[in-house]
Amino acid sequence: MEKKPFVTLEQLKEIEKTYPTPFHIYDEKGFMENARKVNEAFSWNKGFREYFAVKAEPNPFIIKKLKEAGCGVDCSSYTELMIADKLGFRNDEIMFSSNETPAGEFKYCNDLGGIINLDDITMIDYMEAECGIPETVSCRYNPGGVFEVCNGIMDNPGDAKYGMTPEQIVEAFKILKAKGVKNFGIHAFLASNTVTNEYYPMLARTIFELAVKLEKETGADIKFINLSGGVGIPYRPDQEPNDIMAIGEGVRKVYEEILKPEGMDDIAIYTEMGRFMMGPYGALVTKAVHEKHIYKEYIGVDACAVNLMRPAMYGAYHHITVMGKEDQPKDHVYDVVGSLCENNDKFAVDRELPKIDMGDFIYIHDTGAHGFSMGYNYNGRLRSAELLLKEDGSVEMIRRAETPADYFATFDFSEEIARFPQFIPSTRQGGYNRPWLDVMAMGAPVIACNYFNVPPFVVKRTDAVEWIPSPLAAEWEGTGLFTVIPLAGENRSVFTSRLFWAARDERDPLNQWLRSLLLSYAHDHYPTE
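A brief report on the enclosed structure follows. (Residues numbered from 1 in each chain as written. Predicted model: local features only at pLDDT ≥ 70, side-chain atom pairs only at ≥ 80, totals over all residues. Heavy atoms only, no water.)

### Here's the deal with the overall build of the protein chain
Each helix and strand in the protein chain was counted, giving 16 helices and 24 strands. By residue count, 53% of the 529 residues in the protein chain fall in the buried class. In the protein chain, the proportion of contacts linking residues at least 24 apart, taken out of those at least 6 apart, comes to 68%. (Helix = DSSP H or I, 4+ residues; strand = E, 2+ residues; numbered from the N terminus. Buried < 20%, exposed > 50% of the residue type's maximum accessible area, 1.4 Å probe, protein only. Contact = heavy atoms within 4.5 Å.)

Here you go:
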């Protein structure tokens, strides 16, 4: 299939005026239409629900929109349960599928009324000790061996750490029933990122046959079957996308064939399709900032594996579009690389692309699932902002970029570290090298930095500290929105436009909403030369 960006070069140029690269951006119209289509594909099943896999994209703004489309949430950790709790998910809107579960997580899920999906038979006693035995419990199944589709091995469940063996799940149902469980569910995940319409129907056959066996052998009342995830997306342009309508119809046929004759056609079907729900509707936008010509041709971008780990971790393919050059010949071969001190920090290897010039926007496709969420902080690199391209065409920041204050926040127990200021120099062409002052922890004292014509005020809100023009500081001082702290002994001259705009051009790590406000003020009061 042809890979097309969901934003234009003109839109990106406008977005960059407020939000510097790199950033992840998501297509609200695309993922909401997709969610509605998933519901339509399984509308034949009265109890159907998609439980969005929070691990794929744990952004509350995204999840809130999917809730509006009727989705529940599939959580796998305490923190993901906190997101569900905050957004008002309750009871059977929450599926908790964890493994090697830490203390406290079963109890939290149970307190929310969520469904606990047990990964192992030994977890029955662990759950009971922590939160008792709920009336509804699901068990995760692993048939072992290999799982084949179209005569090709798709995955190897026998090598996976998840789920119970056929013998164990029978025993688990018997134990749970004896302990008072009234409503049972079955869950299985046998293959990842399958790009075929046959996976779900074949998986359904395996679980439906197991459900019939379990009901006969244990007398358990099976209320739902969770097909989990595994429905993939076409990362490569030579792949054809899955047809969710055909997949839903394929599952229906197997349901009618196996469950209905057994009088089990009241069983609800659940899914947990994080990648299918969000993957194609996110992109990592970065810019070409360096080029290197040695034994290979390298293009260095301002993103790195911190922003998208999959290529470095798995060698995963993500398609790349050089914005504005979609129709130009792909007559150059590049490795597109980030700045980490690891040689696997590469978004593309030996990729045929149009000629890339410094400053070009590089659009990395299909990062809407397992993109931002797998980010980390190696080399002290900071994770980027997340933006939402709304259905009306406007852009909303749904997660700000990290700051050095975020990076050092876990040292808030140390007075010595918490008081240490971080100076981040400007990189504007023209020679200015003004630092930004960041305070590492709330309550830490503000330390003056006497560089150039610095104004005598800083704004301090949450973890953001910013120099601002003196008149603006005075204007804001009485609003109650900010704490404005005068710096004794500083030169009280006005913040010059030249210096302000010098700072504008760096990869500003501070809160984007604050920078936008400052830019607007500077434009009105300090016109550029």
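### Observations concerning the environment of D266
Mapped onto the elements, D266 comes out in the loop between helix 9 (244-258) and strand 11 (268-271). For D266, a relative accessible area of 59% translates into the label exposed. Remark: the alpha-carbon pair of D266 and N45, spanning 221 residues in sequence, is separated by 8.5 Å. The residues contacting D266, other than those within four sequence positions of it, are K223 and Y255.

### Side note on helix 2 (residues 28-41)
End to end, helix 2 covers 20 Å across 14 residues, agreeing with the expected 20 Å (1.5 Å per residue, within 8%). Taken residue by residue, helix 2 has E28, G30, F31, M32, N34, A35, V38 and A41 as its buried positions. For helix 2, the elements touching its buried residues are strand 1 (23-27), strand 2 (49-53), helix 3 (60-68), helix 9, helix 10 (274-278) and strand 18 (385-389). (Expected span 1.5 Å × (residues − 1).)

### Notes on the nonpolar core
Counting residues in each nonpolar core, the largest one holds 86 residues, and the members touching the most others are L118, I186, Y200, F208, I222 and I225. It is helix 8 (residues 199-218) that provides the largest number of residues to this core, a total of 10 residues. Setting aside residues no more than four positions away along its own chain, F208 makes contact with I225, V251, V254, Y255, I258, L259 and I269. Counting residues in each nonpolar core, the second largest holds 16 residues, with A288, A303, I320 and A348 among its members. (Core = buried A, V, L, I, M, F, W, Y, C linked by side-chain atoms within 4.5 Å.)

### Observations regarding the packing of helix 7 (residues 166-178) against helix 8
Running from amino to carboxyl end, helix 7 crosses helix 8 at an angle of 45°, the nearest separation of the two axes being 10 Å. Taken together, helix 7 and helix 8 sit at an angle that is classed as oblique. When you trace helix 7 past helix 8, the crossing you get is right-handed. On the side of helix 7, the interface is formed by I169, V170, F173, K174 and K177, while helix 8 contributes L210, K213, L214, E217 and T218. Within the contact of helix 7 with helix 8, the residues separate by chemical class into 5 nonpolar, 1 polar and 4 charged. (Axes fitted to C-alpha atoms, helices over the stretch in contact; angles between N-to-C directions. Parallel < 35°, antiparallel > 145°, perpendicular 65-115°, else oblique. Left-handed = near helix turned anticlockwise from the far one by under 90°. Nonpolar A, V, L, I, M, F, W, Y, C, P; charged D, E, K, R; others polar.)

### Let's talk about the pattern of salt bridges
A complete count under the given rule lists 27 salt bridges for this structure. Here E128 makes a salt bridge to K179, at a shortest N to O gap of 2.9 Å. Here K179 lies in the loop between helix 7 and strand 9 (183-188) and E128 lies in helix 6 (residues 123-131), a separation of 51 residues in the sequence. Residues K182 and E135 are paired through a salt bridge, measuring 3.6 Å at the closest nitrogen-oxygen approach. Taken together, the residues span a long stretch of sequence, with K182 in the loop between helix 7 and strand 9 and E135 in the loop between helix 6 and strand 6 (136-141) at a distance of 47 residues. Exposure remark for K182: the relative accessible area of 51% places this residue in the exposed category. According to the relative accessible area criterion, E135 is partly exposed, its value standing at 47%. (Salt bridge = Lys/Arg side-chain N within 4 Å of Asp/Glu carboxyl O.)

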